[in-house]
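Residue-level structure breakdown
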Amino acid sequence: MANHTIAHNVYVPFLEKKGILSWLLTTDHKRIGIMYLVSISFFFVVAGILALLMRLELLTPASDIVSPHTYNVLFTLHGSLMVFFFIVPGLAASFGNFLIPLMIGAPDVAFPKLNLGSYWIYLLGTLIMLIALSKPADTGWTFYTPYSTTTDTDVVLLTFGVFVLGFSSILTGMNFIVTIHKMRAPGMTWHRLPLFIWASYATSILQLLATPVVGITLLLLITERTFGVGFFDPAKGGDPILFQNFFWFYSHPAVYIMIIPAMGVISEIIPVFARKPIFGYKAIAYSSLGIAFISFLVWAHHMFTSGISSLAATIFSFLTFLVAIPTAIKVFNWVATLYKGSIQLHSSMLYSLGFIFLFTIGGLTGLFLGALAADIHLHDTYFVVAHMHYVMIGGTVMGFLGALHFWYPKWFGKMFNETVAKIAWFLIFIGFNVTFFPQFFLGVEGMPRRYATYPPQFESLMSLSTYGSWILAIGMFVMAANLLVGLFRGEKAPQNPYNSLSLEWQVPSPPPHENFEEIPHVTDWTYGYGKKKESEA
Amino acid sequence: MTWIPEVASNLASKVDGVLWVITLLSLVFFVLITVLLVFFAIKYRRRSENDETPYITGSEPLEIIWTVIPSVLLILIFIYGFVVFKDMKSPPKDAVEITVTGKQWLWTFDYYNGKKTLNELYVQQNRPVRLVMKADDVLHSFFVPAFRMKQDLLPGRYTQLWFTPTKIGTFDIFCAEYCGTGHSVMRGKVIVMSPEAYNIWEKGAEAEEGGAVASLPAAELGEKIYKEKGCNACHSVDGSILVGPSFKGLFGHDVELQDGSTVTADENYISQSILEPQSQVVKGFQPVMPSFKGILSDDDITAVIAYIKTLK
């Protein structure tokens, strides 16, 4: 691949500069990536603690730790913070920022200042949300009307915060699209691009096209609450189902904004630790685009019991099954990549295999919810809670943690303790399954979601789920402590500890500010592992 | 704990059929993927840094196979789900019609003969029922797990669902669409009766119930109403705080209201709180209680007050 033997400049790692302004005013995509990483990790921890409180309350059927109203606030904040402040910006903004220029052989993103602006907008949205905490909303993260227009909690500021965040998402998406189109190094053709780039590209399109819709929806909600204009409230001539249509028109594609980057991550990790080319490169690349496209056409599968017409329900059920096809294709290709490999179970590889296992459960349980008759029974029960968390934690968070462990040496120039990382992975994997697997059965039994108190017949499985959340929390704590200790005490990381062929590993760890001393010339794809046969060589 | 709730309606076993078919197909794929994952991870584990691996980049026949087979299966699942859904959406013409109203946080049921019940839906075994439903305030969802039935209730629009109860007994009704502070206590019961029992209930239950009720001492009648009319969902009698204030030690004591004033909880205060709950909201609670005007009679209210007096 690229050749960088001639040293023109003295190597200065991008982390070298100190001081708060060197961060807040930076236009370096790697530093902006770190700021996102720190911010989203903070919200992941906060929202995770809220979840632990909820599970503690649900240990017994009665309301004994917090009042029902407080419980409702807890799940509203847990959902809103996790979705809008952690997982939507998530991998796309943190690792997307860090990796896209490095992987395509560019010195930075196309619009570095706009990139910094996007982060400031994210901060602004965060501040607005914090003010809203003086009287936190109790609507659930979905803000369904007419409850959200009638509750006396502060819905306006929270939704306004989310509205502002949307601009950050839109601008980041646009920036990445232009970067991927215009900044690729010579020879980095579309079909040589790492699959993480394809995934980021698909994600960016979704961010750009879907986010404005939720922005408008929340603005209409704010207008209705503030000025009494009836868009959604039937008492004022509005239609509550209209809100649901608008909301899910964004929030279903948003599910793929959250998961596609994680799919990109594991498409990078698996070939490196199997020492095999990715199986079915084009199938994986184009299935990302396929998912992105179909994801715009399935939103009403969240609404089969809402009162939409049976015809609409039928059409959306059919389209929902279509989106399962490209997803299944990806899973088969990842598994096939392992065939005849030389598999090393590095912690990031364990997270990747964990992803395939858990995401498969998440995906297959989605079939129950897509099938009309089954969804009527399962909708708004714990089955949905479990399915959603298998996709979001089992999928996205596993991908996120895999990325964190995989690119940690490159990003921070340090190594972490691999044994501790494996123990943490094991605790997280067990804890996650003990927490969420029982919830599938709770859902089939009929336990509705968003219940502060619940009938006694559900107690045994509910408390099992709570015990699981403790194991999960311990695992997360060990994982985070290990990575933090590594930052200060870790050994210095080599340039390319896993012998990866991808461009980001061909520069020092951590990379210099300008990434590449000389823009590389790319002559082969990223996945040329293994011994070619005579005829192919 | 069983795997699946009781089968108590004509549609329940059909829905279970869909659930089982998807479960089996899912298990096949789940086992296939997991076994391959574990098998490959063990068989092809790295033995040395110099392991030689083949340069395999894909296989078109395989891509076609694992696109086409799942596609066909997915479409079959869709069709099966749709066929049962069609049954769920097609009530028979002779179904008994009952009007359901959901409001924060109780259910009321109006029957064709003018009867009205609260949180308890009375139906006859093997006789189809069509529920015509609306919400008074925010969204609710009528969910009976034993019937595998769920439908949202909307303000300003009617929605419907139907079922034929097949089993005599009492089954849970849950509100499945989040509706505010008391969402998790918005529960009721469906009481499925034999044709004979239903006949008696239909014609004479009121008189019979009234007769039985009249002979109870006021405090005991109050306790019965407290439990049956859903007061217990929000008001405890042991001092714990639920959605509303506890009844324990309430009577005769001073209560601080939202506007800072103080009133003594006497007969008039309690009566007014039941009939016009928003007029005197206790500090620290939300103005969310529905009015029980028309649901509780004057005698009922007197009985509830007598019951509260006993909760020292």
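Above this note sits the structure.
Definitions and cut-offs
- Residues numbered from 1 in each chain as written.
- Chains lettered and ligands numbered in written order.
- Predicted model: local features only at pLDDT ≥ 70, side-chain atom pairs only at ≥ 80, totals over all residues.
- Heavy atoms only, no water.
- Helix = DSSP H or I, 4+ residues; strand = E, 2+ residues; numbered from the N terminus.
- Rg over C-alpha atoms; globule rule 2.2 N^0.38 Å.
- Buried < 20%, exposed > 50% of the residue type's maximum accessible area, 1.4 Å probe, protein only.
- Contact = heavy atoms within 4.5 Å.
- Lys, Arg positive; Asp, Glu negative; His and termini not counted.
- Charge placed at Lys NZ, Arg CZ, Asp CG, Glu CD.
- Pairing = 2+ DSSP bridges.
- Buried area = accessible area lost by both parts, 1.4 Å probe.
- Salt bridge = Lys/Arg side-chain N within 4 Å of Asp/Glu carboxyl O.
- Polar contact = N/O pair within 3.5 Å; in protein donor to acceptor, adjacent residues only side chain to side chain.
- Nonpolar A, V, L, I, M, F, W, Y, C, P; charged D, E, K, R; others polar.
- Axes fitted to C-alpha atoms, helices over the stretch in contact; angles between N-to-C directions.

Re the overall build of chain B
- Counting secondary structure elements, chain B contains six helices and twelve strands.
- The C-alpha radius of gyration of chain B comes to 27 Å, more than 25% above the 20 Å expected for a compact globule of 312 residues.
- Taking the principal axes of its C-alpha atoms as reference, chain B extends roughly 90 × 55 × 35 Å.
- Sorting the 312 residues of chain B into buried and exposed places 50% on the buried side.
- Residue pairs at least 24 apart in sequence account for 62% of intrachain contacts in chain B once pairs closer than 6 positions are excluded.
- Of the charged side chains in chain B, 29 are positive and 35 negative; the average position of the first set lies 5 Å away from that of the second.

With respect to the pairing of strand β4 (residues 120-124) of chain B
All names here are of chain B.
- Burial analysis of β4 places four of its five residues in the buried class, the great majority of the element.
- Where β4 lies against strand β10 (residues 187-193), five bridges are found, and the strand directions are parallel. Following the sheet pairing, Val-123 is matched in β10 by Val-192.

A few points about the interface of chain B and chain A
- Contact residues are listed per partner, giving 82 residues for chain B and 98 residues for chain A.
- In total, about 7,700 Å² of surface goes out of reach between chain B and chain A, with carbon and sulfur atoms giving 68% of it.
- Where chain B meets chain A, there are one salt bridge.
- Our count for the contact surface shared by chain B and chain A stands at 26 residue pairs in polar contact (both at pLDDT 80 or more).
- Elements with a minimum of two residues in the side of chain B that touches chain A: α1 (12-43), α2 (60-88), β7 (149-153) and β9 (169-175) of chain B.
- Per element, the largest residue contribution to the side of chain B that touches chain A is 15 residues, and it comes from α2 of chain B.
- Looking at the side of chain B that touches chain A residue by residue, the class counts come to 46 nonpolar, 21 polar and 15 charged.

Considerations on the sheet that holds strand β6 (residues 140-144) of chain B
Residues and elements named next belong to chain B.
- An order of β4-β10-β9-β6-β7 is seen for the five strands of this open sheet, with the pairing classed as mixed. Where the open sheet ends on each side, the last strands, each with one partner, are β4 and β7. Ignoring strand direction, the axes of neighbouring strands in this sheet form an average angle of 25°.
- Bridging between β6 and β9 involves two bridges; their strand directions are antiparallel. Bridging across to β9, Phe-143 finds its partner in Phe-174.

Spatial relationships are all this shows, so hold off on functional conclusions.
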